[in-house]
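What the coordinates show
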Amino acid sequence: MGRTYIVEEAVGQYLSNINLQGKTFVSGLLIGQCSSQKDYVILATRTPPKEEQNENLKHQQKAKLDNLDEEWATEHANQVSRMLPGGLLVLGVFIITTLEMGNDFQNALRRLVFAMEKSMNKRRLWNFSEEEVSERVTLHICSSTKKIFCRTYDIRDPKSSAKPADWKYQNGLSTSWLSLECTVHINIHIPLSTTSVSYTLEKNTKNGLARWAKQIENGVYLINGQVKDEDCDILEGQLLNSDHRSTATVQICRGSVNLRGAVKCRAYLHSSKPKVKDAVQAMKRDILNTVADRCEILFEDLLLNEVPERKDSEKEFHILPHRVFIPIPGSTIMLCDYKFGDESAEEMRDHFIEMLDHMIQIEDLEIAEEINTACMRYSANTEASLDNTDDEHPEQPIKTRIILKIQQNIGVITAVAVAVLAAGISFHYFSD
């Protein structure tokens, strides 16, 4: 028995409205959420064409489908994955063709799914667990016959073959989904040992974030101030006794990187009996993703503008981009993007439209954070330890707690996640 995909009706309307405009095919991404029983698709977005493809339509018409540009499609998947809050994933790809295709075409789709997943995994600070769904979907629509072919591949098995899957539409799919929000005050101290000072600032930062991610992953999670069984429904559950601790270590260093500021985090869960562990996992991953993505975008910007690293200077200061949210048309779920202080609202809107292929209005943009709320400081030729030496963060054992506060108002459940890391990272919840 194959997997079942429950799909927002607006996705079906979007796919049916795509005009090939003389092209042999149009491809794109399917976005949604996995669960143990079924998967949910809430958005589809076609991959923007390359400039050279627009300039040479005749070449595109003659292009073979098995020569689908994996690199271009994979880069689109990477860009879109940055725009997804916690709980949402790129579930697979769709392709619309003028004719029904054979096995060669399916092989091209299979390669694309595996290439995308491999590329996106490289950027993550977390890994999928063994219990999580490992199947990704390919949807082939023939524009002439209107036939739909839905198949899945197990991304953990490089030799996996296609399995048939069900594709079912449902109206208002995400209107009752759970929403989780929190404001995260970060103060991440990354010591640079004598062997690491020769690395680039980007590499040192990534290595430090990987260590920080383990602290977030190993936290203690509270529901309404109580530790509950993670396998229970999010609004129920048995109390557990838990007091996990780890001890900070001291390291002699030649420099340090500090990430400080406040960031907004959001996550979404389907409303079909979500578990406590699902809520915790979705918020943890959004915390990790948004911090890592901001750093990656900063380094890309420095490289694009050819800003050299000042390795011999004692201080180096950079402003991280802040988060902007935008609602999915016809849905309560919001996606995000990242904005530097000198970028205009028009530029943000245009980037959303380019990446998601959906019309949005500037007034729908939600600037979630103040400009310059998060920053990166690099200090060279100074001794540092893993513990923060600021007065407000005294040396002490690390203890992580993540608190989920559940509220129900007029049939809509709102969850708020708050984490506290005593050694330098604090997560605070601010009510409206």
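Note that this is a predicted model, so its numbers are computed, not measured.

**Here we look at the overall build of the protein chain**
Looking only at helices and strands, one finds 8 helices and 20 strands in the protein chain. The buried share of the protein chain, reckoned over its 432 residues, is 51%. Partitioning the contacts of the protein chain with sequence separation of at least 6, the portion at a separation of at least 24 is 76%. Accessible surface, the protein chain: about 21,300 Å² in total, of which carbon and sulfur atoms supply 47%.

**Some details on the confidence of the model for the protein chain**
In this model, the protein chain carries an average pLDDT of 77, and 71% of its residues clear a pLDDT of 70 or more. Taken element by element, the predicted model of the protein chain shows its lowest mean pLDDT in strand β20 (residues 425-428) (27) and its highest in strand β1 (residues 4-8) (97). This model gives residues 237-244 a pLDDT under 50, and the stretch forms 20 contacts once residues within four places in sequence are excluded. Taken as a whole, residues 381-432 scores under 50 in pLDDT and shows 149 contacts with residues more than four places along the chain or in a different chain.

**Let's talk about the nonpolar core**
Of all hydrophobic cores here, the largest spans 99 residues; its most connected members are L15, F94, L259 and M376. Tallying contributions element by element places helix α7 (residues 276-304) first for this core, with 11 residues. Composition of this core by domain shows at least three residues from each of domain 1 (4-49 + 67-170) and domain 2 (178-235 + 251-308 + 319-371). Not counting chain neighbours up to four residues away, the residues in contact with L259 comprise I186, N187, I188, T205, L209, V291, C295, L320, C375 and M376.

**Let's talk about the packing of helix α6 (residues 201-217) against α7**
Across the interface, α6 lies against α7 with an axial gap of 11 Å and an inter-helix angle of 175°. With respect to each other, α6 and α7 are oriented roughly antiparallel. Counted together, L201, E202, T205, L209, W212, A213, I216 and E217 of α6 and K284, I287, L288, V291, A292, C295 and F299 of α7 form the full contact between these two elements. Class assignment for the residues of the contact of α6 with α7 results in 11 nonpolar, 1 polar and 3 charged.

**Quick word on the state of the cysteines**
The term disulfide refers to a covalent linkage connecting the sulfur atoms of a pair of cysteines. The full count for this structure, using the stated rule, is 0 disulfides. Take C265: it sits in no disulfide, and the sulfur closest to it among the cysteines is that of C182, at 4.4 Å.

**A closer look at the packing of helix α4 (residues 70-82) against helix α8 (residues 345-356)**
Closest axis-to-axis distance for the α4/α8 pair is 10 Å, and the angle between their directions is 130°. Here α4 is positioned oblique relative to α8, judged by the angle of their axes. Seen along the crossing, α4 lies across α8 with a hand that is left-handed. Residues H76, Q79 and V80 of α4 form the contact with α8, whose participating residues are H351, M355 and L356.

**Regarding the sheet that holds strand β4 (residues 89-97)**
Spatial strand order, β7-β6-β5-β4-β2-β3-β1-β8: 8 strands in an open sheet with mixed pairing. Bordering the open sheet on either side are β7 (163-164) and β8 (166-170), each of which pairs with just one other strand. As paired strands, β1 and β8 are joined by 5 bridges and run parallel to one another. By the bridge assignment for β8, T4 is matched with D166. Its contacts with the sheet put α4 on β2 (25-34), β3 (39-46) and β4, and the angle it makes with β2 is roughly 35°.

**Notes on the sheet that holds strand β16 (residues 366-367)**
Pairing within the open sheet is antiparallel, and its 3 strands lie in the order β15-β14-β16. Of all the strands in the sheet, just β15 (334-339) and β16 have a single pairing partner and so form its edges. Pairing of strand β14 (residues 322-327) with β15 involves 6 bridges; the strand directions are antiparallel. Looking across to β15, one finds that F325 is bridged to C336.

**A word on the packing of aromatic side chains**
Ring pairs (aromatic) are described by centroid distance and by the angle formed between their planes. Scanning the model with the defined rule gives 4 aromatic pairs in all. Look at Y5 and W167: their rings are 6.3 Å apart centre to centre, the planes differ by 35°, and that puts the pair in the tilted class. Taken together, the residues span a long stretch of sequence, with Y5 in strand β1 and W167 in strand β8 at a distance of 162 residues. You can call Y5 buried: its relative accessible area is 0%. Judged by relative accessible area, which is 13%, W167 ranks as buried.

**Section: the pairing of β14**
Most of β14 is tucked away: 5 of the 6 residues are buried. A loop of 6 residues connects β14 with β15, the two strands running antiparallel in sequence, and G330 in this loop sits at a positive phi of about 80°.

**A short note on unusual backbone geometry**
One non-glycine residue, K146, lies in the positive phi region at around 65°. When you line up the elements, K146 lands in the loop between β5 (135-142) and β6 (148-154). On the accessibility criterion, K146 (63% relative accessible area) is exposed. Phi is positive for D357, close to 55°, though the residue is something other than glycine. For D357, the position within the fold is in the loop between α8 and β16.

**A short note on the environment of I31**
On the secondary structure map, I31 appears in strand β2. When its relative accessible area of 0% is taken as the criterion, I31 is described as buried. The spacing of I31 and L43 is 12 residues in sequence and 5.1 Å in space, taken between C-alpha atoms. Beyond its immediate sequence surroundings of up to four residues, I31 is in contact with Y40, V41, I42, L43, T45, V80, L84, L89 and L91.

Thresholds applied
Residues numbered from 1 in each chain as written. Predicted model: local features only at pLDDT ≥ 70, side-chain atom pairs only at ≥ 80, totals over all residues. Heavy atoms only, no water. Helix = DSSP H or I, 4+ residues; strand = E, 2+ residues; numbered from the N terminus. Buried < 20%, exposed > 50% of the residue type's maximum accessible area, 1.4 Å probe, protein only. Contact = heavy atoms within 4.5 Å. Areas by Shrake-Rupley, 256 points an atom, 1.4 Å probe, with all protein chains shown as cover. pLDDT = per-residue confidence, 0-100. Core = buried A, V, L, I, M, F, W, Y, C linked by side-chain atoms within 4.5 Å. Domains from an automatic or database assignment. Axes fitted to C-alpha atoms, helices over the stretch in contact; angles between N-to-C directions. Parallel < 35°, antiparallel > 145°, perpendicular 65-115°, else oblique. Nonpolar A, V, L, I, M, F, W, Y, C, P; charged D, E, K, R; others polar. Disulfide = S-S within 2.5 Å. Left-handed = near helix turned anticlockwise from the far one by under 90°. Pairing = 2+ DSSP bridges. Phe/Tyr/Trp six-rings, centres within 6.5 Å; stacked < 30°, edge-to-face > 60°.

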